[in-house]
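Observations on the three-dimensional arrangement
This is what each chain is made of:
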Amino acid sequence: MSPFNLQTCARPNILALQPYRCARDDYKDDGTNILLDANENAYGPSIDSADAAVSSSVGVDALGLHRYPDPHQDDLKQLLCNLRNTHAHTAKTITPGNLFVGVGSDEAIDALLRCFCVPGRDRILTCPPTYGMYAVSAQVNDVAIVKVPLQPAPKFQLDVPGINAALSREPNVKLAYICSPGNPTGALLAKADIIEVLNHPTWNGVVVLDEAYIDFAHQDASLAELVAEYPNLVVMQTLSKAFGMAGIRLGAAFTAPAIARMMNSMKAPYNIASPTSALARYALGNKGLAVMQANRAKIVAQRECLLAELPKIEGVGRLRGGKESNFLLFEILNKDGQPDNATARAVYERLAEQKGVVVRFRGNEHGCLGCLRITVGTEDEVTRFLASLEKQLVEVRI
(Lines give C-alpha, C1' and ligand atoms only; values in the text may rest on other atoms or scores of the structure.)
Protein backbone atom coordinates (compact mmCIF):
# COMPACT_ATOMS: atom_id res chain seq x y z
CA MET A 1 0.00 0.00 0.00
CA SER A 2 1.45 3.34 -1.04
CA PRO A 3 1.98 5.96 1.70
CA PHE A 4 1.00 8.69 -0.76
CA ASN A 5 -0.17 11.86 0.98
CA LEU A 6 -1.12 14.75 -1.26
CA GLN A 7 -0.87 17.28 1.56
CA THR A 8 2.82 16.55 2.12
CA CYS A 9 3.73 15.69 -1.48
CA ALA A 10 2.35 18.73 -3.31
CA ARG A 11 3.74 22.25 -3.00
CA PRO A 12 1.91 24.12 -0.21
CA ASN A 13 1.42 27.22 -2.34
CA ILE A 14 -0.37 25.17 -5.00
CA LEU A 15 -2.52 23.35 -2.45
CA ALA A 16 -3.61 26.73 -1.12
CA LEU A 17 -4.15 28.24 -4.57
CA GLN A 18 -7.56 29.74 -5.24
CA PRO A 19 -8.30 29.48 -8.97
CA TYR A 20 -9.01 32.60 -10.97
CA ARG A 21 -12.76 33.09 -11.19
CA CYS A 22 -13.74 34.02 -14.70
CA ALA A 23 -16.98 35.41 -16.05
CA ARG A 24 -18.32 32.00 -17.11
CA ASP A 25 -17.90 30.48 -13.65
CA ASP A 26 -21.02 32.26 -12.43
CA TYR A 27 -23.36 32.35 -15.41
CA LYS A 28 -23.18 30.27 -18.56
CA ASP A 29 -24.05 31.40 -22.06
CA ASP A 30 -27.35 29.63 -22.75
CA GLY A 31 -28.01 31.56 -25.94
CA THR A 32 -30.57 33.89 -24.41
CA ASN A 33 -28.53 35.80 -21.83
CA ILE A 34 -27.21 39.31 -22.51
CA LEU A 35 -23.54 38.91 -21.64
CA LEU A 36 -22.08 42.17 -20.41
CA ASP A 37 -19.65 40.69 -17.88
CA ALA A 38 -16.43 39.69 -19.69
CA ASN A 39 -15.57 42.71 -21.85
CA GLU A 40 -16.14 40.74 -25.04
CA ASN A 41 -16.96 42.21 -28.45
CA ALA A 42 -20.72 41.82 -28.80
CA TYR A 43 -20.62 42.42 -32.57
CA GLY A 44 -18.78 39.21 -33.27
CA PRO A 45 -15.44 38.05 -34.72
CA SER A 46 -13.48 39.86 -37.42
CA ILE A 47 -14.75 37.53 -40.13
CA ASP A 48 -17.10 38.55 -42.92
CA SER A 49 -20.28 36.58 -42.26
CA ALA A 50 -21.17 36.98 -45.95
CA ASP A 51 -18.08 35.03 -46.95
CA ALA A 52 -19.71 31.64 -47.38
CA ALA A 53 -16.43 29.77 -47.82
CA VAL A 54 -15.05 30.99 -44.50
CA SER A 55 -18.33 30.62 -42.62
CA SER A 56 -18.87 27.04 -43.75
CA SER A 57 -15.28 25.92 -43.20
CA VAL A 58 -14.86 27.25 -39.67
CA GLY A 59 -18.47 27.29 -38.46
CA VAL A 60 -18.24 30.89 -37.30
CA ASP A 61 -21.78 31.19 -35.96
CA ALA A 62 -21.80 27.83 -34.17
CA LEU A 63 -18.46 28.44 -32.45
CA GLY A 64 -19.35 31.82 -31.01
CA LEU A 65 -15.81 33.06 -31.51
CA HIS A 66 -16.49 36.45 -29.96
CA ARG A 67 -17.23 34.81 -26.60
CA TYR A 68 -14.71 33.27 -24.21
CA PRO A 69 -14.73 29.47 -24.28
CA ASP A 70 -16.02 27.21 -21.52
CA PRO A 71 -13.32 27.23 -18.80
CA HIS A 72 -14.34 23.81 -17.48
CA GLN A 73 -15.00 21.75 -20.63
CA ASP A 74 -17.20 19.23 -18.81
CA ASP A 75 -18.85 17.97 -22.03
CA LEU A 76 -15.46 17.27 -23.57
CA LYS A 77 -14.24 15.63 -20.38
CA GLN A 78 -17.31 13.38 -20.26
CA LEU A 79 -16.58 12.13 -23.79
CA LEU A 80 -13.02 11.30 -22.72
CA CYS A 81 -14.42 9.43 -19.73
CA ASN A 82 -16.84 7.52 -21.97
CA LEU A 83 -13.88 6.43 -24.09
CA ARG A 84 -11.83 5.14 -21.16
CA ASN A 85 -14.50 3.73 -18.84
CA THR A 86 -14.01 0.22 -20.19
CA HIS A 87 -14.12 -1.48 -16.76
CA ALA A 88 -11.34 -3.74 -17.97
CA HIS A 89 -9.22 -2.75 -14.95
CA THR A 90 -11.72 -1.60 -12.30
CA ALA A 91 -15.43 -1.62 -11.61
CA LYS A 92 -15.21 2.03 -10.63
CA THR A 93 -16.17 4.82 -13.01
CA ILE A 94 -14.17 7.95 -13.76
CA THR A 95 -15.99 11.27 -14.22
CA PRO A 96 -15.12 14.79 -15.45
CA GLY A 97 -13.86 15.46 -11.91
CA ASN A 98 -10.96 13.11 -12.74
CA LEU A 99 -9.76 15.22 -15.65
CA PHE A 100 -7.54 18.09 -16.64
CA VAL A 101 -7.48 19.10 -20.32
CA GLY A 102 -4.73 21.24 -21.74
CA VAL A 103 -2.72 22.35 -24.74
CA GLY A 104 -1.38 18.95 -25.69
CA SER A 105 0.16 16.61 -23.12
CA ASP A 106 2.99 19.10 -22.74
CA GLU A 107 0.82 21.44 -20.66
CA ALA A 108 0.06 18.59 -18.26
CA ILE A 109 3.75 17.60 -18.07
CA ASP A 110 4.66 21.13 -17.04
CA ALA A 111 1.67 21.65 -14.75
CA LEU A 112 2.53 18.55 -12.73
CA LEU A 113 6.09 19.77 -12.23
CA ARG A 114 4.76 23.07 -10.92
CA CYS A 115 2.23 21.30 -8.68
CA PHE A 116 4.71 19.00 -6.96
CA CYS A 117 8.31 20.10 -7.43
CA VAL A 118 9.97 22.94 -5.53
CA PRO A 119 12.54 24.46 -7.94
CA GLY A 120 16.13 23.73 -6.99
CA ARG A 121 15.14 21.10 -4.43
CA ASP A 122 12.76 18.42 -5.73
CA ARG A 123 13.45 15.94 -8.52
CA ILE A 124 11.71 13.67 -11.00
CA LEU A 125 12.50 10.15 -12.18
CA THR A 126 12.58 9.16 -15.86
CA CYS A 127 13.32 5.91 -17.67
CA PRO A 128 15.41 6.51 -20.80
CA PRO A 129 15.08 6.16 -23.67
CA THR A 130 11.95 8.27 -23.35
CA TYR A 131 10.08 11.37 -24.49
CA GLY A 132 12.35 14.42 -24.40
CA MET A 133 9.86 16.95 -23.05
CA TYR A 134 10.07 15.53 -19.51
CA ALA A 135 13.69 16.70 -19.33
CA VAL A 136 12.98 20.01 -21.06
CA SER A 137 10.16 20.89 -18.67
CA ALA A 138 12.22 19.78 -15.70
CA GLN A 139 15.09 22.06 -16.72
CA VAL A 140 12.74 25.00 -17.30
CA ASN A 141 11.40 24.49 -13.77
CA ASP A 142 14.89 23.99 -12.25
CA VAL A 143 14.10 20.41 -11.32
CA ALA A 144 16.81 17.72 -11.45
CA ILE A 145 16.33 14.24 -12.90
CA VAL A 146 17.05 10.77 -11.52
CA LYS A 147 17.41 8.32 -14.43
CA VAL A 148 16.70 4.59 -14.27
CA PRO A 149 17.07 3.18 -17.81
CA LEU A 150 14.57 0.73 -19.24
CA GLN A 151 15.61 -2.90 -19.60
CA PRO A 152 17.79 -3.49 -22.69
CA ALA A 153 16.28 -3.76 -26.16
CA PRO A 154 14.21 -5.29 -27.52
CA LYS A 155 12.02 -5.57 -24.42
CA PHE A 156 12.47 -2.00 -23.16
CA GLN A 157 10.40 -2.79 -20.05
CA LEU A 158 10.63 -1.07 -16.67
CA ASP A 159 13.50 -1.99 -14.38
CA VAL A 160 11.16 -2.20 -11.40
CA PRO A 161 13.81 -3.19 -8.83
CA GLY A 162 16.00 -0.32 -10.04
CA ILE A 163 13.13 2.17 -9.95
CA ASN A 164 11.98 1.14 -6.50
CA ALA A 165 15.54 1.19 -5.18
CA ALA A 166 16.02 4.70 -6.55
CA LEU A 167 12.74 5.88 -5.04
CA SER A 168 13.83 4.46 -1.68
CA ARG A 169 17.36 5.86 -1.88
CA GLU A 170 17.08 9.22 -3.61
CA PRO A 171 15.57 12.12 -1.64
CA ASN A 172 12.93 14.53 -2.90
CA VAL A 173 11.74 12.60 -5.95
CA LYS A 174 8.15 13.72 -6.41
CA LEU A 175 7.19 12.44 -9.88
CA ALA A 176 8.05 9.38 -11.97
CA TYR A 177 7.39 9.96 -15.68
CA ILE A 178 6.79 6.67 -17.50
CA CYS A 179 5.88 6.34 -21.20
CA SER A 180 3.71 3.43 -22.44
CA PRO A 181 3.89 2.62 -25.29
CA GLY A 182 7.36 4.07 -25.08
CA ASN A 183 8.76 6.79 -27.30
CA PRO A 184 11.02 5.94 -29.11
CA THR A 185 10.69 2.27 -28.13
CA GLY A 186 7.10 1.53 -29.15
CA ALA A 187 6.91 -0.99 -26.30
CA LEU A 188 3.80 -1.31 -24.13
CA LEU A 189 4.80 -1.55 -20.48
CA ALA A 190 3.52 -4.32 -18.25
CA LYS A 191 0.56 -3.33 -16.10
CA ALA A 192 1.91 -5.36 -13.17
CA ASP A 193 5.18 -3.40 -13.23
CA ILE A 194 3.40 -0.05 -13.13
CA ILE A 195 1.23 -1.19 -10.24
CA GLU A 196 4.31 -2.36 -8.35
CA VAL A 197 5.79 1.13 -8.60
CA LEU A 198 2.45 2.66 -7.56
CA ASN A 199 2.51 0.46 -4.45
CA HIS A 200 6.04 1.42 -3.37
CA PRO A 201 5.95 1.04 0.42
CA THR A 202 7.76 4.26 1.37
CA TRP A 203 7.72 6.66 -1.59
CA ASN A 204 5.40 9.65 -1.29
CA GLY A 205 5.14 10.60 -4.95
CA VAL A 206 3.12 10.39 -8.15
CA VAL A 207 3.46 8.05 -11.13
CA VAL A 208 2.79 9.91 -14.39
CA LEU A 209 1.94 7.43 -17.15
CA ASP A 210 2.13 8.91 -20.64
CA GLU A 211 -0.21 7.00 -22.96
CA ALA A 212 0.10 9.17 -26.07
CA TYR A 213 0.19 6.11 -28.37
CA ILE A 214 -2.14 3.83 -26.42
CA ASP A 215 -4.79 3.47 -29.13
CA PHE A 216 -2.31 1.66 -31.36
CA ALA A 217 -1.92 -1.07 -28.72
CA HIS A 218 -4.44 -3.81 -27.99
CA GLN A 219 -8.00 -3.07 -26.93
CA ASP A 220 -8.32 -2.12 -23.24
CA ALA A 221 -4.58 -1.39 -23.03
CA SER A 222 -5.20 2.03 -21.47
CA LEU A 223 -4.90 2.19 -17.69
CA ALA A 224 -6.67 5.56 -17.49
CA GLU A 225 -9.55 4.26 -15.40
CA LEU A 226 -7.09 3.03 -12.74
CA VAL A 227 -6.90 6.60 -11.46
CA ALA A 228 -10.12 5.68 -9.64
CA GLU A 229 -8.09 3.12 -7.66
CA TYR A 230 -4.76 4.91 -7.16
CA PRO A 231 -4.63 8.47 -5.77
CA ASN A 232 -0.96 8.70 -6.83
CA LEU A 233 -1.52 7.99 -10.55
CA VAL A 234 -1.81 10.42 -13.47
CA VAL A 235 -2.47 9.07 -16.97
CA MET A 236 -1.79 11.50 -19.82
CA GLN A 237 -3.31 11.10 -23.28
CA THR A 238 -3.60 13.15 -26.46
CA LEU A 239 -5.69 13.49 -29.60
CA SER A 240 -2.52 14.08 -31.65
CA LYS A 241 -1.76 10.46 -32.54
CA ALA A 242 -4.50 7.89 -33.19
CA PHE A 243 -7.12 10.63 -33.61
CA GLY A 244 -4.96 12.53 -36.10
CA MET A 245 -5.71 15.88 -34.45
CA ALA A 246 -2.19 17.14 -33.72
CA GLY A 247 -3.05 20.59 -35.06
CA ILE A 248 -5.67 21.35 -32.40
CA ARG A 249 -3.24 20.70 -29.50
CA LEU A 250 -5.55 18.85 -27.12
CA GLY A 251 -4.22 16.70 -24.30
CA ALA A 252 -5.81 15.20 -21.20
CA ALA A 253 -4.65 14.06 -17.80
CA PHE A 254 -6.76 11.52 -15.92
CA THR A 255 -6.11 11.52 -12.18
CA ALA A 256 -7.66 11.58 -8.72
CA PRO A 257 -10.07 14.49 -8.17
CA ALA A 258 -7.73 16.14 -5.66
CA ILE A 259 -4.86 16.33 -8.17
CA ALA A 260 -7.23 17.34 -10.97
CA ARG A 261 -8.48 20.23 -8.83
CA MET A 262 -4.91 21.45 -8.30
CA MET A 263 -4.10 21.30 -11.99
CA ASN A 264 -7.34 23.03 -12.95
CA SER A 265 -6.79 25.71 -10.32
CA MET A 266 -3.44 26.73 -11.76
CA LYS A 267 -4.24 26.64 -15.48
CA ALA A 268 -5.02 29.72 -17.57
CA PRO A 269 -8.76 30.45 -17.31
CA TYR A 270 -9.57 29.67 -20.96
CA ASN A 271 -6.78 27.32 -21.99
CA ILE A 272 -8.94 25.32 -24.44
CA ALA A 273 -10.10 27.39 -27.41
CA SER A 274 -13.65 27.00 -28.71
CA PRO A 275 -12.56 25.59 -32.11
CA THR A 276 -10.30 23.10 -30.36
CA SER A 277 -13.11 21.97 -28.07
CA ALA A 278 -15.61 21.66 -30.92
CA LEU A 279 -13.25 19.60 -33.06
CA ALA A 280 -12.25 17.40 -30.12
CA ARG A 281 -15.87 16.73 -29.22
CA TYR A 282 -16.57 15.72 -32.81
CA ALA A 283 -13.54 13.42 -32.85
CA LEU A 284 -14.72 11.73 -29.64
CA GLY A 285 -18.29 11.34 -30.85
CA ASN A 286 -19.61 8.30 -32.70
CA LYS A 287 -18.73 9.55 -36.20
CA GLY A 288 -15.26 10.67 -35.19
CA LEU A 289 -14.54 7.40 -33.39
CA ALA A 290 -15.56 5.44 -36.46
CA VAL A 291 -13.11 7.44 -38.59
CA MET A 292 -10.35 6.99 -36.02
CA GLN A 293 -10.87 3.23 -35.91
CA ALA A 294 -10.86 2.97 -39.71
CA ASN A 295 -7.67 5.00 -39.97
CA ARG A 296 -6.11 2.99 -37.16
CA ALA A 297 -6.78 -0.22 -39.11
CA LYS A 298 -5.00 1.25 -42.15
CA ILE A 299 -2.02 2.24 -39.99
CA VAL A 300 -1.82 -1.23 -38.46
CA ALA A 301 -1.88 -2.76 -41.94
CA GLN A 302 1.01 -0.54 -43.06
CA ARG A 303 2.85 -1.29 -39.82
CA GLU A 304 2.64 -4.98 -40.68
CA CYS A 305 3.93 -4.17 -44.17
CA LEU A 306 6.98 -2.40 -42.73
CA LEU A 307 7.61 -5.26 -40.33
CA ALA A 308 7.57 -7.69 -43.23
CA GLU A 309 9.55 -5.63 -45.76
CA LEU A 310 12.23 -3.82 -43.75
CA PRO A 311 14.17 -6.98 -42.75
CA LYS A 312 14.44 -7.88 -46.45
CA ILE A 313 16.50 -4.75 -47.18
CA GLU A 314 20.24 -5.26 -46.92
CA GLY A 315 21.60 -2.94 -44.27
CA VAL A 316 18.50 -2.95 -42.08
CA GLY A 317 19.10 -4.65 -38.76
CA ARG A 318 16.86 -5.75 -35.95
CA LEU A 319 13.60 -4.29 -34.72
CA ARG A 320 14.69 -2.80 -31.40
CA GLY A 321 11.39 -1.96 -29.78
CA GLY A 322 7.77 -2.97 -29.64
CA LYS A 323 5.00 -3.14 -32.21
CA GLU A 324 2.33 -1.31 -30.21
CA SER A 325 2.58 2.16 -31.72
CA ASN A 326 2.38 4.00 -35.05
CA PHE A 327 6.15 3.89 -35.44
CA LEU A 328 8.93 1.31 -35.45
CA LEU A 329 12.51 1.48 -34.19
CA PHE A 330 14.98 -0.32 -36.48
CA GLU A 331 18.76 -0.64 -36.54
CA ILE A 332 20.76 0.55 -39.54
CA LEU A 333 23.91 -1.49 -40.17
CA ASN A 334 27.29 -0.44 -41.55
CA LYS A 335 29.13 -2.41 -44.24
CA ASP A 336 30.46 -4.75 -41.54
CA GLY A 337 26.92 -5.64 -40.47
CA GLN A 338 27.05 -3.75 -37.19
CA PRO A 339 24.55 -1.13 -35.93
CA ASP A 340 26.27 2.18 -36.45
CA ASN A 341 25.35 5.79 -35.71
CA ALA A 342 27.39 7.26 -38.53
CA THR A 343 25.66 5.05 -41.08
CA ALA A 344 22.22 5.64 -39.57
CA ARG A 345 22.72 9.41 -39.50
CA ALA A 346 23.96 9.45 -43.09
CA VAL A 347 20.92 7.49 -44.23
CA TYR A 348 18.62 9.77 -42.23
CA GLU A 349 20.15 12.90 -43.78
CA ARG A 350 20.20 11.56 -47.33
CA LEU A 351 16.60 10.38 -47.12
CA ALA A 352 15.48 13.86 -46.14
CA GLU A 353 17.75 15.92 -48.37
CA GLN A 354 17.74 13.79 -51.52
CA LYS A 355 14.45 11.91 -51.37
CA GLY A 356 12.22 14.19 -49.31
CA VAL A 357 11.50 11.36 -46.87
CA VAL A 358 11.90 12.41 -43.24
CA VAL A 359 12.34 9.90 -40.41
CA ARG A 360 14.02 10.42 -36.99
CA PHE A 361 17.58 9.54 -36.06
CA ARG A 362 17.49 8.12 -32.52
CA GLY A 363 20.96 6.64 -32.28
CA ASN A 364 22.04 8.93 -29.44
CA GLU A 365 19.23 7.71 -27.16
CA HIS A 366 20.05 5.18 -24.45
CA GLY A 367 20.06 1.65 -25.90
CA CYS A 368 19.27 2.82 -29.45
CA LEU A 369 22.64 2.58 -31.19
CA GLY A 370 22.28 2.99 -34.95
CA CYS A 371 18.50 3.31 -34.80
CA LEU A 372 15.99 5.18 -36.92
CA ARG A 373 12.44 5.76 -35.71
CA ILE A 374 10.05 5.35 -38.62
CA THR A 375 6.49 6.62 -38.42
CA VAL A 376 3.93 4.45 -40.21
CA GLY A 377 2.53 6.42 -43.15
CA THR A 378 0.00 5.81 -45.87
CA GLU A 379 0.45 2.95 -48.34
CA ASP A 380 1.98 5.32 -50.90
CA GLU A 381 4.28 6.88 -48.29
CA VAL A 382 5.44 3.49 -47.04
CA THR A 383 6.12 2.30 -50.59
CA ARG A 384 8.15 5.42 -51.35
CA PHE A 385 10.05 5.14 -48.07
CA LEU A 386 11.02 1.51 -48.62
CA ALA A 387 12.31 2.20 -52.13
CA SER A 388 14.22 5.30 -51.01
CA LEU A 389 15.73 3.53 -48.00
CA GLU A 390 17.01 0.62 -50.08
CA LYS A 391 18.67 3.00 -52.55
CA GLN A 392 20.30 5.13 -49.85
CA LEU A 393 21.60 2.13 -47.94
CA VAL A 394 23.33 0.82 -51.06
CA GLU A 395 25.04 4.18 -51.60
CA VAL A 396 25.98 4.83 -47.96
CA ARG A 397 27.38 1.35 -47.30
CA ILE A 398 29.69 1.22 -50.34
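In the annotation of an unreviewed UniProt entry, the protein is listed under the name histidinol-phosphate transaminase and assigned to Moelleriella libera RCEF 2490. According to the UniProt record, the Cofactor (unreviewed entry) comment for the protein is "pyridoxal 5'-phosphate". Reading the Catalytic activity (unreviewed entry) entry of the UniProt record for the protein gives the comment "L-histidinol phosphate + 2-oxoglutarate = 3-(imidazol-4-yl)-2-oxopropyl phosphate + L-glutamate".

1. Some thoughts on the domain arrangement of the protein
Domains assigned within the protein are domain 1 (6-47 + 290-397) and domain 2 (49-288). Between the C-alpha centres of domain 1 and domain 2 there is a distance of 16 Å. Surface buried jointly by domain 1 and domain 2 totals about 4100 Å² across both partners, of which 61% is contributed by carbon and sulfur atoms. Taken together, domain 1 and domain 2 are joined by zero salt bridges. Connecting domain 1 to domain 2 are 18 residue pairs in polar contact (both at pLDDT 80 or more). Mapped onto the side of domain 1 that touches domain 2, the elements with two or more residues apiece are α1 (6-9), α2 (12-15), α3 (23-26), α13 (286-309) and β9 (327-332). At six residues, α13 tops the list of elements feeding residues into the side of domain 1 that touches domain 2. Looking at the side of domain 1 that touches domain 2 residue by residue, the classes come out as 23 nonpolar, nine polar and 14 charged.

Calculation criteria
Residues numbered from 1 in each chain as written. Predicted model: local features only at pLDDT ≥ 70, side-chain atom pairs only at ≥ 80, totals over all residues. Heavy atoms only, no water. UniProt positions renumbered as here; feature names shortened; annotations may be inferred. Domains from an automatic or database assignment. Buried area = accessible area lost by both parts, 1.4 Å probe. Salt bridge = Lys/Arg side-chain N within 4 Å of Asp/Glu carboxyl O. Polar contact = N/O pair within 3.5 Å; in protein donor to acceptor, adjacent residues only side chain to side chain. Helix = DSSP H or I, 4+ residues; strand = E, 2+ residues; numbered from the N terminus. Nonpolar A, V, L, I, M, F, W, Y, C, P; charged D, E, K, R; others polar.

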